[in-house]
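# Results of the structural survey
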Amino acid sequence: MTRTATPAGPARPGFLWAVPAAVFFGLFAVVPLVMVAVLSFAEWDGLSGPRFAGLDNWRTLLGDPVMVKSLWLSVLLTGLGVLVQTPLSILLGVWAAGRQRNRAVLSAIYFLPMLLSIAAVSVLWRAVLDPNLGVPAHATWLFGDGNLFGTQATAIGVLVFVSTWQFTPLHTLIYQGAARAIPQVLYQAAQIDGAGTVRQFFHITLPQLRNALITSVILMVVGGLTTFDTVLILTQGGPGSDTTISAYYMYQKAFKSFDYGAASAVALLLVLVATVISLVVVRLSGYDKMRSTMEGL
């Protein structure tokens, strides 16, 4: 494995270093994606052989109001997740990067939700928010009839809250690492110029967190569009179809209707939507033009 030198920078590792990762990615990402793409143009019940159906699956899906609604709900939940989790993660990450008293202990406690599985977290909050035996049943003065899963607005609120509770620590960790990498000399110079804590945050910390912000948002977008476990356990797409997001709709098509062709079309559509949104974020942010001084090392 040789290292090739470039005229304008340090030597780069040879392409052979990327072979194991490329093989792994090809077997577990590219090949399944190609198979799903092929199945999206076929009729298959999982038992008999697939039969080519042309664009029938796509016509049916695009004409299904539940499917259109599910795609809109997926984008809505993803957008709400980004709007809620991003400011919380930035503030907590910057705080956790400091040297406050008991910071390490408090950070360790706060990061505990990140260690739990999505299913475990969903079961936990389903029990806590149960309208008959949970907290809402004993605090009707705050929760009304106590059934937070009875209306679309409250059910979506629960989904956003639970996702925020579990995944904010992950994004906080990203911002914590990025905040610790900011040169202290910038803050020292700002203090000499008379800049206070707030001005330092907006004029030094936030600009320096740009790369971490873009990475975090892309992870939120991809994770939000593919959310499934939380909806399955907490709302099961209800009330009615008011929280039936695209991933759950795909599950219904595949494992309840045994229409794997339509389910594959939904999966492929989700991949395309997530890819387009991620590319738009990268392009608008200028992230694709950024370069590291340590590139190739």
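Rules used throughout
- Residues numbered from 1 in each chain as written.
- Predicted model: local features only at pLDDT ≥ 70, side-chain atom pairs only at ≥ 80, totals over all residues.
- Heavy atoms only, no water.
- Helix = DSSP H or I, 4+ residues; strand = E, 2+ residues; numbered from the N terminus.
- Buried < 20%, exposed > 50% of the residue type's maximum accessible area, 1.4 Å probe, protein only.
- Areas by Shrake-Rupley, 256 points an atom, 1.4 Å probe, with all protein chains shown as cover.
- Lys, Arg positive; Asp, Glu negative; His and termini not counted.
- Charge placed at Lys NZ, Arg CZ, Asp CG, Glu CD.
- Patch = residues over 30% accessible without salt bridge, like charges linked within 9 Å, V, L, I, M, F, W, Y side chains within 5 Å.
- Salt bridge = Lys/Arg side-chain N within 4 Å of Asp/Glu carboxyl O.
- Contact = heavy atoms within 4.5 Å.
- Phe/Tyr/Trp six-rings, centres within 6.5 Å; stacked < 30°, edge-to-face > 60°.
- Lys NZ or Arg CZ within 6 Å of the ring centre and 35° of its normal.
- Axes fitted to C-alpha atoms, helices over the stretch in contact; angles between N-to-C directions.
- Parallel < 35°, antiparallel > 145°, perpendicular 65-115°, else oblique.
- Left-handed = near helix turned anticlockwise from the far one by under 90°.
- Nonpolar A, V, L, I, M, F, W, Y, C, P; charged D, E, K, R; others polar.
- Expected span 1.5 Å × (residues − 1).
- Bend = angle between axes of the 7 residues up to and from the residue.

## A short note on the overall build of the protein chain
Within the protein chain one finds 14 helices and four strands. With respect to the three principal axes, the spread of C-alpha positions in the protein chain is 70 × 65 × 30 Å. Taking all 297 residues of the protein chain together, the buried fraction comes to 37%. A total accessible area of about 17300 Å² is found for the protein chain, and carbon and sulfur atoms account for 70% of it. Separation of charge centres in the protein chain, based on 17 positive and 12 negative side chains, amounts to 16 Å.

## Observations regarding the environment of N211
Locating N211 in the fold gives a position in helix α11 (residues 210–225). By relative accessible area, which is 39% here, N211 ends up partly exposed. Separated by 36 residues in the primary sequence, N211 and Y175 have C-alpha atoms spaced 9.7 Å apart.

## Here's the deal with a nonpolar patch on the surface
Taken together, F15, L16, V19, V23, F24, L27, F28, V31 and M35 make up a surface patch of nonpolar side chains, about 940 Å² in accessible area. Relative to the elements of secondary structure, V31 occurs in helix α1 (residues 19–39).

## Comments concerning the side chain of Q200
For Q200, the position within the fold is in helix α10 (residues 197–208). The residues contacting Q200, other than those within four sequence positions of it, are Y187, A190, Q191, A195 and T205.

## A closer look at the packing of aromatic side chains
Within a pair of aromatic rings, the relevant descriptors are the distance that separates the centres and the angle that separates the planes. Evaluation of the coordinates by the stated rule reveals twelve aromatic pairs. The interplanar angle of 45° and the centroid separation of 5.4 Å between the aromatic rings of W44 and Y260 together place this pair among those described as tilted. Placement of W44 in the loop between β3 (42–43) and β4 (51–52) and of Y260 in helix α14 (residues 260–285) is noted, with a sequence separation of 216 residues between them. With relative accessibility at 28%, the residue W44 sits in the partly exposed group. With a centroid separation of 6.1 Å and 90° between ring planes, the pair formed by F255 and Y260 is classed as edge-to-face. Residue placement shows R126 over the ring face of F149; its charged tip is 4.2 Å from the ring centre.

## Points about the packing of α11 against α14
The N-to-C vectors of α11 and α14 enclose an angle of 165°; their axes lie 9 Å apart at closest approach. With respect to α14, the axis of α11 lies roughly antiparallel. Relative to α14, the crossing made by α11 is right-handed. The residues of α14 that touch α11, namely those facing R210, I214, V217, I218, V221, V222 and L225, are L270, V273, A274, I277, S278, V281, V282 and S285. A per-class count over the contact of α11 with α14 returns twelve nonpolar, two polar and one charged.

## Re α1
Every α-helical turn comprises 3.6 residues, leaving residues that sit three or four positions apart pointing alike. Helix length check: α1 (21 residues) gives 28 Å between terminal C-alpha atoms against 30 Å at 1.5 Å per residue, within 8%. At G26, α1 shows its largest kink, close to 40°.

## A word on the pattern of salt bridges
All told, the structure shown has three salt bridges when counted by the stated rule. With a closest N to O distance of 3.1 Å, R59 and D56 form a salt bridge. Here D56 and R59 lie together in helix α2 (residues 56–62), a separation of three residues that amounts to about one turn. Given the relative accessible area of 57%, R59 is considered exposed. Take D56: its relative accessible area is 36%, and that puts it in the partly exposed class. Residue K69 pairs with D242 through a salt bridge whose shortest N-O separation is 2.8 Å. Here K69 is found in helix α3 (residues 65–96), whereas its partner D242 is found in the loop between α12 (229–234) and α13 (246–255), with 173 residues between them in sequence. According to the relative accessible area criterion, K69 is partly exposed, its value standing at 29%.

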